[in-house]
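Below, each chain spelled out in residue letters.
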Amino acid sequence: MTTLAAPLTKQYPDNSIEKKAYGIAEKFKDNLPIMNDRNRLGFNLYRYLKGEGDTPEVIVKTARFTLNGITKEELAKRLNEEIEKVKKELQEVSQK
């Protein structure tokens, strides 16, 4: 019996909300050593950027991430800073 090749994964464009949200999560790979934690964070940030999800403070408090070298409060603060950068970028793109 043989195994089929994995299906191709569609990559999001660099200026998409999805790519930006998951990019923020990857910036914290040293603080969130478990890949699944980063994926959950990226998904929650994506929902927040779309206006459907919780704030970073709530995400960090309820998601039970395994943190390394950072407190929940510091992570939430840094996430807010990154989100503000992304919101500005998205506004600039939408104005063009």
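That block above? That's the structure.
Here is a short report on the structure shown in this document. Bear in mind that the values here come from a model prediction, so they are computed numbers and not experimental data. (Residues numbered from 1 in each chain as written. Predicted model: local features only at pLDDT ≥ 70, side-chain atom pairs only at ≥ 80, totals over all residues. Heavy atoms only, no water.)

1. Some points on the side chain of glutamate 82
Rules: Secondary structure follows DSSP: runs of H or I at least 4 residues long count as helices, runs of E at least 2 residues long count as strands, and numbering of each begins at the N terminus. In what follows, residue pairs with any heavy atoms lying within 4.5 Å of each other are defined as contacts.
Along the chain, glutamate 82 falls in helix H4 (residues 72-95). Non-local contacts of glutamate 82, meaning those with residues more than four positions away in its chain, are made with Ile24, Lys27 and Phe28.

2. Topic: helix H2 (residues 35-49)
Heads up, the condition is: The span expected for a helix works out to 1.5 Å for each residue beyond the first. Categorising residues by exposure relies on relative accessible area from a 1.4 Å probe, with only protein chains included: less than 20% of the type maximum marks a residue as buried, more than 50% marks it as exposed, and the intermediate range marks it as partly exposed.
In this model H2 runs 21 Å from its N-terminal to its C-terminal C-alpha over 15 residues, within 8% of the 21 Å that 1.5 Å per residue would give. Turning to H2, its buried residues number three or more, namely Asp37, Arg38, Leu41, Gly42, Leu45, Tyr46, Tyr48 and Leu49. Check the buried side of H2 and you find it contacts helix H1 (17-27), helix H3 (56-62) and H4. Positive backbone phi, approximately 90 degrees, marks glycine 51, located one or two places after H2.

3. Quick notes on the packing of H1 against H2
Rule in force here: Note on definitions: angles span 0 to 180 degrees between N-to-C directions of axes, and those axes are lines fitted to C-alpha atoms, for helices only across the stretch in contact. An angle counts as roughly parallel when it lies under 35 degrees, as roughly antiparallel when it exceeds 145, as roughly perpendicular when it falls between 65 and 115, and as oblique in every other case. Each helix crossing is assigned a hand: it is left-handed if the near helix lies turned anticlockwise from the far helix by less than a right angle, otherwise right-handed if that turn is clockwise. Under the scheme applied, nonpolar residues are Ala, Val, Leu, Ile, Met, Phe, Trp, Tyr, Cys and Pro; charged residues are Asp, Glu, Lys and Arg; polar residues are all the others, including Gly.
Between H1 and H2, the shortest axis-to-axis distance is 8 Å and the interhelical angle comes to 135 degrees. By the criterion of interaxial angle, the relationship of H1 to H2 is oblique. For the pair H1 and H2, the sense of crossing is right-handed. Here H1 contributes Ile17, Glu18, Ala21, Tyr22, Ile24, Ala25 and Glu26 to the contact with H2, which in turn contributes Arg38, Asn39, Leu41, Gly42, Phe43, Leu45, Tyr46 and Leu49. Residue composition of the contact of H1 with H2, by class: 10 nonpolar, 2 polar and 3 charged.

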